[in-house]
Amino acid sequence: MTPIIEFKDYTFKYRAQKEPTLRDINLSIYPGEKVLIVGPSGSGKSTIAHCINGLVPFSFAGESSGTLKVKGENPAKLGIFGMSKIAGTVLQDTNGQFIGLTVAEDIAFALENDMVPQEEMIDRVSQVADVVEVKTLLGHAPWELSGGQKQRVSMAGVMVDDVEILLFDEPLANLDPATGKRAIDLIDKISRNKKTTILIIEHRLEDALYRDVDRIVVVGEGRIVADEKPDRLLVGNVLKEQGIREPLYVTALKHAGCELTEESRPQHIETMRLEPYKELMQRWFQTVSYRKEKKEEKCVLSVKDLYFSYVEGNPVLQHIHFDIRKGEMVSIVGKNGAGKSTLAGIICGFMKPVRGSILLNGEDISEQSIKERGEKIGLVMQSPGQMISKPMIYEEVALGLAVRGVPEEEIKERVYRTLKICGLYPFRNWPVSALSYGQKKRVTIASILVMDPEIIILDEPTAGQDYRHYTEIMEFLKEINEKYGITILMITHDMHLMLEYTERAIVISDGHLLADDTPAKVLTDETIADKAYLKKTSLYDLAVKCGIGSPTEFVERFIHYESVHDEQKTGEGRARHGEDTDL
Amino acid sequence: MARILTYEEKDTWIHRLSGVTKLVFFLLWTMTSMLSYDTRVLLAMMLGSLVIYKMSKTEWKQVGTVLKFILFFLVINLIAIFLFSPYEGVGIYGTRSDLFHLFGNYWVTKEQLFYELNVMMKYVTIVPAVFMFVVTTNPSEFAASLNRIGISYNIGYSVAIALRYIPDVQDDFSKIRNAQEARGIEMSGKASFSSRIKNTAAIIFPLIFTSMDRIDVVSNAMELRGFGKHKKRTWYMGKKLKRADYVTLAVTVLLSALFLFITFHDGDRFYNPFV
């Protein structure tokens, strides 16, 4: 069989860069295959997709050598338009990709551009809408849709062209875990029913492996470092070496000293053969020491019986109540649109609750303005671009103090101190634009930290970040939490984050407080996980299948074990990326 | 969210008309009423506009705020005309019938009042036509209509894209403003005017940068799906012209021609009751 995509000794260098982003790529993908491409940010995995859909070299100019054939054609000759008939791309930003004013128009967009007559368009749109299950939404505007629905519309928008290849660029990045699961399931259905060749680019390996894939291609520093069947890849160490997170159950098995074999089929925990490892796992569970230290600090923030609605009679939040103790690290989780961001907004004073109160150190802050609250409760937005407004790092960090009329000398001292805490001191006179994404994120955290807040709320601190950046950001937050006693609340739908870094999870579902418990308990409770659109952790299944009596305890011990081995982990990470002293 | 001047789906014959028809009607009707100062024509057109507005079942809440705003400007405009050119009417109609003396050089004349009445009638003719067009034309169809009357689809589509992303940009704006306010950048009335102007930069720059990122994504997404491939494109939401459209178009063209004829047949676009 001839491959539908074939890279031969392919090297590509962006015009703006010194070094090639892809080097000597040799990769063949056959019709009907479903391939997962993983790799850390900047490894070149997205560039591979751009080469296939023609964005390279047409939108992103550069030089290439070697050959690339997609269905016998050279994308660099055929152009973006020509390639769009063969390969459809679903971008990571599904809101940005939504071009039409309604679902139907967005799906029809490619057909309109191809001058397909109206009657035929209406037929084809309705057919493809059926496939991705958005038929009832055809007349809806984008702001009436959830993230998952938008993604399905994006899929329909490229499938309407009867493409033979579908490229998914980080399809899971903006979805809550349950919606992500559904997306992977839908992709799998399309692959099986339509025999479409599918390439998924993703660094969230465990979630992407929810359904079978034929092969996993690991990209590292512009080269293909592995191209293997999932079962085989998971038993080896390539993933860890490349800074990609293995599925948690695989990590747990490896921690316990199990020699994983391909024959045990580790691709899915549900179907994995665990008999050979049962005993080892049980023994490991017993030996991993775990003692829970309870800090009894005073309560800094308490939310009491909070109600909120935009329109009367249509409550967004109902009867929300919880206490946050000083120095805690707490995650606020729940599906997209459950009311998490609204809750943060109310705490910061952007919106007024209909009923209920918020106490800061026992004092009611209902009457305080946004600015007054901002001195004690800092908010860090999801993307640094949404906050940074000054060209220089120093000015940006100093902004909050400058507008409060703090004397120049004091500003300087406090900014320098904060920059040192954040590891940005050497860059104090740099322009913000010279920084990497992770560093910019630090600048935004520094600009909040400089005001000495008691609480920092972070909205999706790690969204769209690969494992290395994720670790860097989270370790930094952990450090300011532990060393400086700053209370941290994080809105997230990253379950790893909540398990590994927070002591408590506040679960919001459809405007109600569904649970307020340890992440390990939340993620091992099927009812809670289902209702909040979370996903039960695979560690739970592992524990149950290995006959470990208390799965929650198992998860807690695993996390503890991991955090003890953290030092090692981050140490390795830093060494590996030696020249790139990013954060 | 306040939904001012937005399309609302209703079942009236006006809603059922194609966007092209409504666009042509709107353009011809507005043009004619702007050209004509013939009071009889303006009166007929004004009544026509009001009837059409009524038939479109437009509700007060859809247009109320904007209407108040326009009325305010209308009043300002009428006063300004009088202040800057109190004898405009006298000049036009060639007679002077004083009503009463105001102050200084300002006399209120019948001619001036009549002239300003004509100006007001133009407003009352055009405004309902604008409202009717905006609230009965599906924005998706609007781009198709522009394209149909010969405007390049690139322009038509940029209008549609703007409509699509305005809510997103508004959303970004309020998020950024909130976050900056929490950092202490006061945007409310508490801050002085000059510092508010300065503080705007703290919101505008992040807004521009996030919008530019968005533009990047959108233009790639559009290109990946073949936008701009051909000289023409078809429209999913385009409405075919039906009999009602042809009838409406014909009536519009005939009426406009008739009105313009009445206005200009004596070589003067003013109707003069004073001679």
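Bear in mind that the values here come from a model prediction, so they are computed numbers and not experimental data.

Asks: Sorry, what's going on with the overall build of chain A here?
Replies: Scanning chain A from N- to C-terminus turns up 25 helices and 19 strands. Its C-alpha radius of gyration of 25 Å places chain A within 12% of the 25 Å reference for a compact globule of 583 residues. Its C-alpha atoms give chain A principal-axis dimensions of roughly 70 × 60 × 55 Å. The 583 residues of chain A split such that 51% are buried. The contacts of chain A with a sequence gap of at least 6 include a subset with a gap of at least 24, amounting to 69%.

Asks: Mind showing me how you'd approach the environment of Ile25(A) here?
Replies: Residues and elements named next belong to chain A. For Ile25, the location among the structural elements is in strand E2 (residues 22-29). C-alpha of Ile25 to C-alpha of Val219: the two residues are 194 residues apart in sequence and 9.7 Å apart in space. Each residue touching Ile25, except ones within four places of it in the same chain, is listed here: Phe7, Tyr10 and Ile224.

Asks: So what exactly am I meant to see when it comes to the pairing of strand E5 (residues 87-90) of chain A here?
Replies: Moving residue by residue along a regular strand, the side chains alternate between the two faces of the sheet. All names here are of chain A. Neither face of E5 is left uncovered, since the one carrying Ala87 and Thr89 and the one carrying Gly88 and Val90 both have all their residues buried. Looking at chain direction, E5 and strand E6 (residues 165-169) are connected through four bridges and run parallel. Pairing of Gly88 across the sheet is with Leu166, part of E6.

Asks: How should I be thinking about the domain arrangement of chain B in this particular structure?
Replies: One frequently used descriptor of interface size is the decrease in accessible area upon assembly of the parts. According to the domain assignment, chain B consists of domain 1 (13-138 + 239-264) and domain 2 (147-224). One C-alpha centre belongs to domain 1 of chain B, the other to domain 2 of chain B, and the line joining them spans 34 Å.

Asks: I tried to follow the confidence of the model for chain B on my own but got confused; where do I start?
Replies: Predicted coordinates in areas of low pLDDT are best not read in detail. Confidence in the prediction of chain B, expressed as mean pLDDT, is 88, and 97% of residues score 70 or more. Reported confidences for the modelled complex are a pTM of 0.83 and an ipTM of 0.81.

Asks: How should I be thinking about the interface of chain B and chain A in this particular structure?
Replies: In this complex, chain B contributes 43 residues to the contact, which on the side of chain A involves 48 residues. For the side of chain B that touches chain A, the secondary structure elements donating two or more residues are helix H7 (139-148), helix H8 (153-182) and helix H9 (193-224) of chain B. Per-element tally for the side of chain B that touches chain A: the top contributor is H9(B), with 15 residues.

Cut-offs used in this document
- Residues numbered from 1 in each chain as written.
- Chains lettered and ligands numbered in written order.
- Predicted model: local features only at pLDDT ≥ 70, side-chain atom pairs only at ≥ 80, totals over all residues.
- Helix = DSSP H or I, 4+ residues; strand = E, 2+ residues; numbered from the N terminus.
- Rg over C-alpha atoms; globule rule 2.2 N^0.38 Å.
- Buried ≥ 20, exposed ≤ 12 C-beta atoms within 10 Å, placed from the backbone.
- Contact = placed C-beta atoms within 7 Å.
- Pairing = 2+ DSSP bridges.
- Domains from an automatic or database assignment.
- pLDDT = per-residue confidence, 0-100.

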